[in-house]
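Close look at the chain arrangement
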Amino acid sequence: SEGARTTPSIVAFTNDDEDYTNLKVTEINYNPVDSIIGKDTVDGKSFEFIELKNTGKKPINLTGLKISSSIEYEFKDNELLSPKQFYVIASKPKWFYERYGQVPTANFDKNFSNSGEKVNISNARGNSIISFWYSDSEPWSPLADGKGYTLSSPIRYPTGSPNNFNYWIASSVYNGSPFADDPGIMDANREVELGGNEIAIYPNPTQGKVFFKFDNNDSDV
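Now for a quick tour of the structure. (Residues numbered from 1 in each chain as written. Predicted model: local features only at pLDDT ≥ 70, side-chain atom pairs only at ≥ 80, totals over all residues. Heavy atoms only, no water.)

**Side note on the pattern of salt bridges**
Operational definition: Every case where a carboxyl oxygen of Asp or Glu lies within 4 Å of a side-chain nitrogen of Lys or Arg is listed as a salt bridge. By the criteria applied, helices consist of DSSP H or I runs no shorter than four residues and strands consist of E runs no shorter than two, each listed in order from the N terminus. In this scheme, a residue with accessible area under 20% of its type's maximum is buried, one over 50% is exposed, and one in between is partly exposed, where area comes from a 1.4 Å probe on protein chains only.
All chains considered together, the criterion is met by four salt bridges. A salt bridge links Asp181 to Lys53; the nearest nitrogen and oxygen atoms lie 2.9 Å apart. With Asp181 in the loop between strand S14 (169-170) and strand S15 (199-202) and Lys53 in strand S4 (residues 49-54), the pair connects residues that are 128 residues apart, well separated along the chain. Under the relative-accessibility criterion, Asp181 is labelled partly exposed at 23%. Where Glu74 meets Lys66, a salt bridge forms, and the shortest distance between an N and an O atom there is 4.0 Å.

**Some details on empty space enclosed by the protein**
Convention followed: Using a 1 Å grid laid over the protein atoms alone, points where a 1.4 Å probe fits but cannot get out form a cavity; open sets with protein on both sides within 12 Å along at least 5 of 7 lines form a pocket; any residue with an atom within 4 Å of a point counts as lining. Grid points are joined across faces, edges and corners, and a volume is the space filled by probe spheres set on the points. Each residue is assigned to one class: nonpolar for Ala, Val, Leu, Ile, Met, Phe, Trp, Tyr, Cys and Pro, charged for Asp, Glu, Lys and Arg, and polar for all the others, Gly among them.
Scanning all chains against the criterion turns up two cavities of 30 Å³ or more. Space inside the second largest cavity adds up to approximately 50 Å³. Taken together, Thr26, Glu27, Glu51, Ser152, Ser153, Ile155, Arg156, Ala180, Asp181, Asp182 and Ile185 make up the full set of residues lining the second largest cavity. Along the lines of polarity and charge, the residues of the lining of the second largest cavity split into three nonpolar, three polar and five charged.

**Thoughts on unusual backbone geometry**
Note the cis peptide between Glu138 and Pro139, where omega equals 15 degrees. Tracing the backbone through its elements, the reader meets Pro139 in the loop between strand S12 (128-133) and strand S13 (151-152). The residue Asn78 is not glycine, and still its phi comes out positive at about 65 degrees. Tracing the backbone through its elements, the reader meets Asn78 in the loop between strand S7 (73-74) and strand S8 (80-81). We note that Lys110 has phi near 65 degrees; this positive angle belongs to a residue other than glycine. With respect to the helices and strands, Lys110 occurs in the loop between strand S10 (106-107) and strand S11 (118-122). Accessibility expressed as a relative area gives 48% for Lys110, which makes it partly exposed.

**Points about the sheet that holds S10**
Test applied: Should DSSP find at least two bridges between two strands, the strands are regarded as paired.
The strand order across the open sheet built from six strands is S10-S9-S4-S1-S13-S14, with neighbouring strands paired in mixed fashion. Both outer strands of the open sheet, S10 and S14, are each paired with one neighbouring strand and no more. Of the pairings in the sheet, the one linking strand S1 (residues 23-29) to S13 comprises two bridges and is antiparallel in character. Among the inter-strand pairings, Glu27 is bridged to a residue of S13, identified as Ser152.

Below, the structure is given as structure tokens:
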């Protein structure tokens, strides 16, 4: 009728050909330690989280993505992950905030297995875009298995498959570093400033290639 008002509709457009090449898993806290907060002991499972990062130069549309086979989480419509930004999904937002002083992007259902399991991220069509197994057995780092550290990427822009143990190292800081690159990361092509009689070893900790830089030359060994 004349003068009637209509409420506009919001329509979400998804791109079936969205490029997820630069969407990377960069940290997993699958077996956190318990925490004493006040007079309460909070189960370590309350501090579990998984961190994703956009390592590319363009935003990634996360609409339609789903994590399954371990924890369960469905991404909301119209969620864009900007370049170099992190997306952290936690088990219990309240306890995540207590430990890290930050609000997670979202929270998942269920929990990670302490002994390792498959993690699968699929798109709206049900096709896997990231699928891998993590483990608590060597050569995977034992420090991430209930010792207070996380599985973390040793480089800022990880390549290869997270299915491989050498995609990961134990975090360089206790309890990990959600929403940030691990503080121990150092790129192989980055210059290191040294004082007299000092040696830099990086990345640290490491489970793969190690670089040494001495104060009396400009070469890495």
